[in-house]
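Descriptive analysis of the structure
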Amino acid sequence: MFASSAAAETEAVTRAAHAIQQPVTTGRQLAVSSIRGGAGKSTVAALLALTYAHYRSDPVLAVEADPALGTLPHRLGAREVRWSGTDLAQIVDPSMLITDLTGYLLPFTGGGWLLPGSQGSIGARLDIDTYRVVMTSLRRYFATTVVDCETLPAEVARTALVTTQARVLVSPATVEGVLATRSVLQWMSGVHRGLLPTCVVVLNHTSPDGGIDVRKAAESLGADGAAVLPLPYDRHLAGGGAVRTDLLGERTREAAARIAAEVMQRAVSRVPGKQHPASGGRLTP
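The model shown is predicted, which means the values in this text are computed figures rather than measured ones.

**Comments concerning the pattern of salt bridges**
This structure, assessed with the given rule, holds six salt bridges. Close ionic contact of Arg 182 with Asp 224 constitutes a salt bridge, the shortest N to O distance being 3.4 Å. A residue pair is termed long-range when its members are at least 10 positions apart, and Arg 182 in helix 8 (residues 175-191) and Asp 224 in the loop between helix 9 (214-221) and strand 8 (227-231) qualify at 42 residues. Note that Glu 262 is salt-bridged to Arg 266, the shortest N-O span being 2.6 Å. Here Arg 266 and Glu 262 lie together in helix 11 (residues 250-268), a separation of four residues that amounts to about one turn. This pair shows no difference in class: Glu 262 is buried, exactly as Arg 266 is. One network of salt bridges, in which partners are shared, links Lys 41, Asp 66 and Asp 148.

Laid out in structure tokens, this is it:
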């Protein structure tokens, strides 16, 4: 029994790694948002960025598009912020090489790059025009870009929904969180029918006493094509501060890889509702 379980876990990790590492012809931009503050949006964005940087050999970028409330630089271990997205939008030029751009970015663990949304000022906002300039200009340099957006339905978050190739919606793993997320998914389907098949809902357990039935939540939230995946409670993540993958629990690392694989698979697939090898199907409790 134990041998079979170990073999299954190895196969699952291998399958996830294969999905994460698949080649892309153009840069894949992945938006991470949430239904409210405190859901763990920036934490999930940091986990995705670290996971892609670990598994992929091509350039990975993390963009903070929630400078007012986001904590992405903090979660990725940035000790200083020199340039922001607004600053870069004013100087980026098509003639630039990636080596020119990285001088304005901050490196993070695994070889990835970070573009903060502000220089640490409270209340700073990233307007839609600046966001579009940055995302359009940087797409050709980075194979994978993870965007930590504002909470929905803020303007930049709404723009990211329709301009990125995959969407991650972070929800607290509570009954109230699931109900609110269901309403947001219904709203998204009204914005564009093609959004939900490229959406992954992450049920974030912020307490060790999570009491929801993940399978039932997946059946409710994934009915229209979205994938639903849990992120288990992790003492290291709950403690705040920079995310160190070596301090994460094994279940958390496996969950992060599975989420990253599902998001990448849906970002690459051009067939809405297609069965995804990373998860084996539409509902992924």
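**Describing the nonpolar core**
Ranked by size, the top nonpolar core spans 44 residues in total, and within it Leu 115, Tyr 131, Leu 138, Leu 185, Met 188, Val 201 and Leu 203 carry the most contacts. Looking at this core, the elements with two or more residues in it are strand 2 (60-64), helix 4 (85-91), helix 6 (128-138), helix 7 (155-163), helix 8, strand 7 (199-204) and helix 9. In terms of nonpolar packing, the next biggest core, distinct from the first, is built from 42 residues, Tyr 52, Ala 255, Ala 257 and Met 264 among them.

**A short note on the pairing of strand 7**
Most of strand 7 is tucked away, with six of its six residues classed as buried. Where burial is concerned, the two faces of strand 7 agree: the one with Cys 199, Val 201 and Leu 203 and the one with Val 200, Val 202 and Asn 204 are both buried. Alignment of strand 6 (residues 166-172) against strand 7, held across six bridges, turns out to be parallel. The partner of Pro 172 across the bridge, within strand 7, is Asn 204.

**Some details on the pairing of strand 5 (residues 144-148)**
With five of its five residues buried, strand 5 lies for the most part within the structure. Burial along strand 5 is two-sided: the residues Thr 144, Val 146 and Asp 148 and Thr 145 and Val 147 are all buried. Across five bridges, the pairing between strand 1 (residues 28-34) and strand 5 is parallel. Note on strand 5: the bridge partner recorded for Ala 31 is Val 147. With five bridges connecting them, strand 2 and strand 5 associate as parallel partners. Considered in strand 5, the bridge of Leu 61 is made with Thr 145.

**What about the packing of aromatic side chains?**
Within a pair of aromatic rings, the relevant descriptors are the distance that separates the centres and the angle that separates the planes. Counting across every chain of the model gives one aromatic pair. With a centroid separation of 4.6 Å and 90° between ring planes, the pair formed by Trp 83 and Tyr 104 is classed as edge-to-face. Of this pair, Trp 83 sits in the loop between helix 3 (72-75) and helix 4 while Tyr 104 sits in the loop between helix 5 (98-101) and strand 3 (106-108), placing them 21 residues apart in sequence. Residue Trp 83 is classed as partly exposed on the basis of its relative accessible area of 33%.

**A short note on the packing of helix 8 against helix 9**
Taken N-terminus to C-terminus, the directions of helix 8 and helix 9 make an angle of 20°; their axes are 10 Å apart at the nearest point. In terms of axis orientation, helix 8 runs roughly parallel to helix 9. When you trace helix 8 past helix 9, the crossing you get is right-handed. Note on element contacts: helix 9 touches helix 8 through Ala 217, Ser 220 and Leu 221, opposite Val 178, Thr 181, Arg 182 and Leu 185. For the contact of helix 8 with helix 9, a count of residues per class yields four nonpolar, two polar and one charged.

**A closer look at a nonpolar patch on the surface**
There is a patch of nonpolar side chains on the surface, built from Val 162, Trp 187 and Val 191 and spanning about 240 Å² of accessible area. Its location among the elements puts Val 162 in helix 7. For Val 162, a relative accessible area of 45% translates into the label partly exposed.

**Comments concerning the side chain of Thr 43**
In this structure, Thr 43 sits in helix 2 (residues 41-55). What Thr 43 contacts, discounting residues up to four positions off in sequence, is Arg 75 and Leu 237.

Criteria and thresholds
All residue numbers refer to positions counted from 1 along the written sequence of the respective chain. Two thresholds apply to this predicted model, a pLDDT of at least 70 for residue-level local features and 80 or more for giving and counting side-chain atom pairs, whereas whole-chain, interface and lining totals are computed over all residues. To obtain the side-chain values, all non-hydrogen atoms of the structure were included, while hydrogens and water were left out. In the sections that follow, a salt bridge refers to a side-chain nitrogen of Lys or Arg positioned within 4 Å of a carboxyl oxygen of Asp or Glu. Secondary structure elements follow DSSP: runs of H or I no shorter than four residues count as helices, runs of E no shorter than two count as strands, and numbering proceeds from the N terminus. Summary of the burial criterion: residues with accessible area below 20% of their type's maximum are buried, those above 50% are exposed, and those between are partly exposed, where the area comes from a 1.4 Å probe applied to protein chains only. Each nonpolar core is a collection of buried residues, namely Ala, Val, Leu, Ile, Met, Phe, Trp, Tyr and Cys, held together in the definition by side-chain atoms within 4.5 Å. We call two strands paired when DSSP finds no fewer than two bridges between them. Pairing of aromatic rings covers Phe, Tyr and Trp, the last counted by its six-membered ring, and requires centre-to-centre distances within 6.5 Å; plane angles under 30 degrees mean stacked, over 60 mean edge-to-face, and any other angle means tilted. Axis lines are fitted through C-alpha atoms, for helices just across the contact stretch, and the angle between N-to-C directions can take any value from 0 to 180 degrees. Roughly parallel here means an angle under 35 degrees, roughly antiparallel means over 145, roughly perpendicular means 65 to 115, and every remaining angle is called oblique. For any pair of crossing helices, the crossing counts as left-handed if the nearer helix is rotated counterclockwise from the farther one by less than a right angle, and right-handed if it is rotated clockwise. Note on definitions: a residue-residue contact is assigned when non-hydrogen atoms from the two residues lie within 4.5 Å. Nonpolar residues are Ala, Val, Leu, Ile, Met, Phe, Trp, Tyr, Cys and Pro. Charged residues are Asp, Glu, Lys and Arg, and all others, Gly as well, are polar. The residues that make up patches have over 30% relative accessible area and no salt bridge, and they are joined within 9 Å when like-charged or within 5 Å when they are Val, Leu, Ile, Met, Phe, Trp or Tyr. We get accessible surface area from the Shrake-Rupley algorithm with a probe of 1.4 Å; when it comes to residues, only the shown protein chains can shield them.

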